[in-house]
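Listed here are the chains, written in short residue letters.
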Amino acid sequence: MKKSWISEIQRTLAVLIPSVLIGILVERPYELAALGLAVVVGYHLYQVARLLRWIGSGDIRSRPRAGGIWSVVYARVGNLLKNNEDRRLKLTAMLAQFQRTAEAIPDAVVALGPLYEIRWLNEAAGTLLGLRPHQDTGQPIQNLLRSPEFQSYLNSAVFDGKVEIKAPRDDQIRLSVRIVPYGEDQYLLMAQDVTERHLLERVRKDFVANVSHELRTPLTVIGGFVENMRHDESGFAEKWQRALNLMGQQSGRMQGIVEDLLLLTSLESAPRQKAGEIVVLSEVLEEIVEEAKAILPDGENREISIDVAAANLLGNPLQLRSAFTNLVTNAVKYTPSGGSIDVRWIVSERGGILEVTDTGEGIAKEHLPRLTERFYRVDAGRSREKGGTGLGLAIAKHVLQQHNAHLEIESVLGEGSCFRCVFPPEQLVSEADVPRIADAR
Ligand code: ADP
């Protein structure tokens, strides 16, 4: 570098000194010094023009040759251009690799921009979602996937779950669609063919529904006859009392399971509640608490307080009643005598929350995530002894889903539990609106 500066200065002086000397000889020193300077400036301008032409040509290998400082400039720019080219080739190779990988994925993958406009899609997106790579690029996805379920999923802009839709080109195919936000205002839509899983799920639901339905009548008949026999006055009942009591208890338990399974099946196949009736919570909960107290064994007591004044919900009264009954009766069942249960309604920015808190036996942390599964019980023997079916919380969860609500469970073993039903603001009805909505019916 130092060498090239010296050589550049030597070249400049080699032009300027002779011009000045000749200028002195011919008595025109300034003019010839200016001429010498013009030659130097002209040379540098020529090199700048060569440099620009070279960069513009994009051909790194045709590097101009020059001496002095310009040899360093060409060498440095050449290195920069080469590094740039290497990086570009590397990125192109990576992009091609990514595209090949994305094409190999059997699930549909669509990259979306801030307005959900399509930026890129893989081959499976064409097959599963009916999207065309060239024609549909730039189109908002909401204009192309018209299913109402997808539209409301997209409008909610909360992408922590999935939505199941029918494939646009073939309604026999079920797709599970998920949107994942990434970067700044960018989204990745992924769709998976879940037809087989959907069919298996339907077979399972149909099987449970059919078995439950078929068992319902025989169980009612058996239960009825056992009840009649228990009240027989010919002396038969006395002899068989223990057996008849057990038969009555067990057939009652089976009837309970069958009824709960049928309710679950109907909840699973019912469409989501759009609006529903006005449910006045204080009335429903007072009845539920009275019924819960009635099932308390003799000599036992629980202190139950209700604070749900002026709380009204839009929904299916029977379904909501069944969900709340399960929560309140569980609190009563799993709280020892002398304990207390609080039923409260809280309005927060999340919406309305019905909270059932007890000072009962509590639930260990590892069981909490599985509590709403069918037949999941912390202690199956104890649940049976308390007359439980293991389906109560599964029913509560489904009812809440039907009402766009969800269940939250907090519990500390040995201290008690708190079950919260969180309803979104659109399910709430203010006291002032009650007559207006009722009149409109
Ligand atoms: P079950 O009919 O057995 O009560 P649920 O689905 O209603 O079925 O409840 C599932 C399990 O969750 C119960 O078996 C019990 O172990 C536990 N559980 C539910 N509510 C409570 C509660 N309030 N306190 C302690 N454990 C509870």
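Calculation criteria
Residues numbered from 1 in each chain as written. Predicted model: local features only at pLDDT ≥ 70, side-chain atom pairs only at ≥ 80, totals over all residues. Heavy atoms only, no water. Pairing = 2+ DSSP bridges. Helix = DSSP H or I, 4+ residues; strand = E, 2+ residues; numbered from the N terminus. Axes fitted to C-alpha atoms, helices over the stretch in contact; angles between N-to-C directions. Near = heavy atom within 4 Å. Polar contact = N/O pair within 3.5 Å; in protein donor to acceptor, adjacent residues only side chain to side chain. Areas by Shrake-Rupley, 256 points an atom, 1.4 Å probe, with all protein chains shown as cover. Expected span 1.5 Å × (residues − 1). Buried < 20%, exposed > 50% of the residue type's maximum accessible area, 1.4 Å probe, protein only. Contact = heavy atoms within 4.5 Å. Patch = residues over 30% accessible without salt bridge, like charges linked within 9 Å, V, L, I, M, F, W, Y side chains within 5 Å. Salt bridge = Lys/Arg side-chain N within 4 Å of Asp/Glu carboxyl O.

Brief notes about the sheet that holds strand β9 (residues 340–348)
Phase 1: A sheet is described by the order of its strands in space; here five strands give the open sequence β7-β9-β10-β12-β11, paired in mixed fashion. One side of each edge strand has no neighbouring strand; the edge strands of this open sheet are β7 (303–307) and β11 (406–412). Going from strand to strand, the sheet's axes swing by 15 degrees on average, the running direction of each strand aside.
Phase 2: Across seven bridges, β11 lies against strand β12 (residues 416–423) in antiparallel orientation. Looking across to β12, one finds that V412 is bridged to G416.

Re the site of the ligand
Phase 1: In the vicinity of the ligand, 19 residues are found, and the nearest of them are N330, S383, T389, G390 and L393.
Phase 2: Taking D358, its side chain carries an N or O atom lying 2.9 Å from a nitrogen atom of the ligand.
Phase 3: Backbone polar atom of L393 to an oxygen atom of the ligand: 2.8 Å apart, as the coordinates give it.
Phase 4: If the ligand stood free it would expose 530 Å²; the protein chains cover 97% of that surface.
Phase 5: By residue number, the principal contributor to the shell around the ligand is helix α11 (residues 317–333), which donates three residues.

Some points on helix α2 (residues 29–57)
Phase 1: When the terminal C-alpha atoms of α2 are compared, their 42 Å separation across 29 residues agrees well with the 42 Å that a helix rising 1.5 Å per residue should span.
Phase 2: For α2, the set of buried residues is L32, G36, V40, Q47, R50, L51 and W54.
Phase 3: Elements in contact with the buried residues of α2: α1 (2–25) and α3 (69–104).
Phase 4: Backbone geometry just after α2 places G58 at a positive phi near 75 degrees.

Quick word on the pairing of β9
Phase 1: Where β7 meets β9, five bridges bridge the pair, whose relative direction is parallel. In the sheet register, I306 faces β9, and the bridge partner there is V343.
Phase 2: Direction of pairing for β9 relative to strand β10 (residues 351–358): antiparallel, over a ladder of eight bridges. Each residue of the ladder has a partner; that of I341, found in β10, is D358.
Phase 3: Hairpin connection between β9 and β10: a loop of two residues separates the two successive antiparallel strands.

With respect to a nonpolar patch on the surface
Phase 1: On the surface, M1, W5, I9, L13, I17, V20, L21 and I24 cluster together into a nonpolar patch covering about 770 Å² of accessible area.
Phase 2: Of note, L21 is situated in helix α1.

Brief notes about the environment of G58
Phase 1: As for its position among the elements, G58 is in the loop between α2 and α3.
Phase 2: What makes G58 exposed here is its relative accessible area of 56%.
Phase 3: Along the backbone, G58 and P29 are 29 residues apart, and their C-alpha atoms lie at a distance of 44 Å.

Considerations on the pattern of salt bridges
Phase 1: What the rule picks out here adds up to 19 salt bridges.
Phase 2: Here R374 makes a salt bridge to E268, at a shortest N to O gap of 2.3 Å. Here R374 is found in the loop between β10 and α12 (380–385), whereas its partner E268 is found in helix α9 (residues 241–269), with 106 residues between them in sequence.
Phase 3: With relative accessibility at 25%, the residue R374 sits in the partly exposed group.
Phase 4: Residues R321 and E287 are paired through a salt bridge, measuring 2.6 Å at the closest nitrogen-oxygen approach. Of this pair, R321 sits in helix α11 while E287 sits in helix α10 (residues 281–294), and the two are 34 residues apart along the sequence.
Phase 5: Here the residues in one salt-bridge network are R344, R350, E355, E408, E410 and R420, joined through shared partners.

Remarks on the sheet that holds strand β13 (residues 428–429)
Phase 1: The three strands are arranged β6-β8-β13 in an open sheet whose pairing can be described as antiparallel. Only two strands of the sheet have a single neighbouring strand rather than two, namely β6 (277–280) and β13.
Phase 2: Bridge count for strand β8 (residues 312–315) against β13 is two bridges, and the pairing is antiparallel. Of the residues in β13, the one forming a bridge with L313 is L428.
Phase 3: Here α10 sits on the sheet and contacts β6 and β8; the angle it forms with β6, its principal contact strand, is near 55 degrees.
Phase 4: Sheet strands touched by α11: β6 and β8. Its angle to β8, the strand with the most contacts, is close to 120 degrees.

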